[in-house]
Every structure is written in C-alpha cells, then in structure tokens.
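One-letter residues, chain by chain:
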Amino acid sequence: MPSVARADDTSSANLDFSKLADAIRDGGAALFPREGYGSRGGVLPQQDVERWLGVTPHVSLVARDWSGVQLLMGGHVSLTDQLRLSRSSRMVVSRVRLADGRLAPFMQLGLGQWRVDTDLVPVLPRDVELATQMGGGFELRLAPRWRLAIEYDYTVLYREERGPEQISPRIWGAFLATHASF
C-alpha cells in the first residue's frame, strides 16, 4: 500500500514572513542594534540631520517600453524614467541605487531592444535591434520639492551586418531631468 504524505501542523518552528519582509526592506540596518550605548540608559539621541550621500542600497527592476515605464520590482522609478522623452528603447533594466540621502547615485544594466526614435530623427529608418545597455547617474534633491537627475548610458547594438544607412552599433547617451512641484 503506497504511503500518503500529510502536512504536520505540530511543528515547533514558525516562520514570521513579516519579519523577513522587514529585513529585506531595511537591508543591513536590521542586523544592527537599534539602541546605542550611552551614559544615560543606553540610548543615544536620534539625529535629525539628513545625510548628503545615500548609503542604503536599493534594487529595482524596471521595464521600459517605447512609450512608458513600469516598475516590476523594488520601490523606486527614477526621475529620468518618469520624464524620458526618447522612445528609442524597450528594455528590462536592473538598477542599484544608494538611497536615504540627498544625493542618490545609481548604476544600471539593461537588456532588450533599441531603435531610432523617428519622432526626434524622422529621416533615419526605424530598425528594431537587440541591445544591451549599462550606465549610471544620480538624483539630487535640491529642496524638499525639487529634484535634479543625470543619467548616462552606453548602448551596444547586436546585429549581423551593418549597412551605410545604419548608425554605429555603440551609442553613448546622457539625459538631464529636473522636477519641481509647487
């Protein structure tokens, strides 16, 4: 007679997924004690001073389409993604960003497709090509409601052959964006 597997609810080990989610969200900060060791009761006063440079890494996975951006994983879509004017790439981009400061540098790596944006350059053909992209940049919060971002990227197009009417298979790009709300 074959044996039947059954769940045993009497297990003594319980896993609290909310604490696991907190540890993932808080990063390495969850590993350090939350109280300092001072002369008065072991607690140091909390500092309200904001750091200039972000130190907590955040990972995001973003899908860029010809006309928009969708956040797939993580908690942040960059300012350059939100205000991108060029419709030349359709890629999945993985981004590592140092957050929790006024200056948040980031690095990114993407894989997908690239084409000439004929809205900007209507005389070139709109050939869609396999491409990879790497780059980086930073976001700077100049005031509570004013941000500035610079992104640069290096795109490599993968094609079998290159005709004289096609652009170079290696493209450098830079993008400057700012946003203020009143």
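In this text the structure is predicted, and so the values were computed from the model without any measurement.

1. Concerning the overall build of the chain
Turning to step 1, where the next piece is worked out: Counting secondary structure elements, the chain contains two helices and seven strands.
Turning to step 2, where the next piece is worked out: Ordered by position from the N terminus, the helices and strands of the chain form the series α-β-β-α-β-β-β-β-β.
Turning to step 3, where the next piece is worked out: The proportion of buried residues among the 182 residues of the chain is 28%.
Turning to step 4, where the next piece is worked out: Contacts in the chain between residues at least 24 apart in sequence constitute 55% of all its contacts with a sequence separation of at least 6.
Turning to step 5, where the next piece is worked out: Of the roughly 13,200 Å² that the chain leaves accessible, carbon and sulfur atoms contribute 59%.

2. Observations regarding the sheet that holds strand E3 (residues 89–99)
Turning to step 1, where the next piece is worked out: Taken in spatial order, the seven strands make up an open sheet running E2-E1-E3-E4-E5-E6-E7, and their pairing is antiparallel. Single-partner strands in this sheet number two, and they are strand E2 (69–73) and strand E7 (170–180). The average angle at which neighbouring strand axes cross in this sheet is 20 degrees, direction not considered.
Turning to step 2, where the next piece is worked out: Pairing of E3 with strand E4 (residues 103–114), which is carried by nine bridges, proceeds in the antiparallel orientation. Within the sheet, the bridge partner assigned to serine 94 lies in E4 and is leucine 109.

3. Remarks on the layout of surface pockets
Turning to step 1, where the next piece is worked out: Within this model, the second largest pocket holds a volume of roughly 420 Å³.
Turning to step 2, where the next piece is worked out: What lines the second largest pocket is a set of 22 residues, and nearest its centre among them are Arg84, Ser86, Ser88, Trp114 and Gly173.
Turning to step 3, where the next piece is worked out: Only strand E6 (146–158) and E7 provide two or more residues apiece to the lining of the second largest pocket.
Turning to step 4, where the next piece is worked out: Tallying contributions element by element places E7 first for the lining of the second largest pocket, with five residues.
Turning to step 5, where the next piece is worked out: Partitioning the lining of the second largest pocket into residue classes produces ten nonpolar, six polar and six charged.

4. What to know about the side chain of aspartate 153
Turning to step 1, where the next piece is worked out: Take aspartate 153: it is sitting in strand E6.
Turning to step 2, where the next piece is worked out: Judged by relative accessible area, aspartate 153 falls into the buried class, the value being 11%.
Turning to step 3, where the next piece is worked out: Residues within four places of aspartate 153 in sequence aside, it is in contact with Gln133, Met134, Gly135, Ile171, Trp172 and Gly173.

5. Focus on the confidence of the model for the chain
Low-confidence regions, as indicated by low pLDDT, have predicted coordinates that should not be scrutinised in detail.
Turning to step 1, where the next piece is worked out: Of all residues in the chain, 69% have pLDDT values of 70 or greater, and the mean over the chain is 75.
Turning to step 2, where the next piece is worked out: The low-confidence segment residues 3–15, where pLDDT is below 50, has zero contacts with residues more than four positions distant or belonging to other chains.
Turning to step 3, where the next piece is worked out: Note on residues 30–46: pLDDT is under 50 here. Beyond four places in sequence and across chains, it has ten contacts.

Criteria and thresholds
Residues numbered from 1 in each chain as written. Predicted model: local features only at pLDDT ≥ 70, side-chain atom pairs only at ≥ 80, totals over all residues. Heavy atoms only, no water. Helix = DSSP H or I, 4+ residues; strand = E, 2+ residues; numbered from the N terminus. Buried < 20%, exposed > 50% of the residue type's maximum accessible area, 1.4 Å probe, protein only. Contact = heavy atoms within 4.5 Å. Areas by Shrake-Rupley, 256 points an atom, 1.4 Å probe, with all protein chains shown as cover. Pairing = 2+ DSSP bridges. Axes fitted to C-alpha atoms, helices over the stretch in contact; angles between N-to-C directions. 1 Å grid on protein atoms, 1.4 Å probe; cavity = no way out; pocket = protein on both sides within 12 Å on 5 of 7 lines; lining within 4 Å. Points joined across faces, edges and corners; volume = space filled by probe spheres on them. Nonpolar A, V, L, I, M, F, W, Y, C, P; charged D, E, K, R; others polar. pLDDT = per-residue confidence, 0-100.

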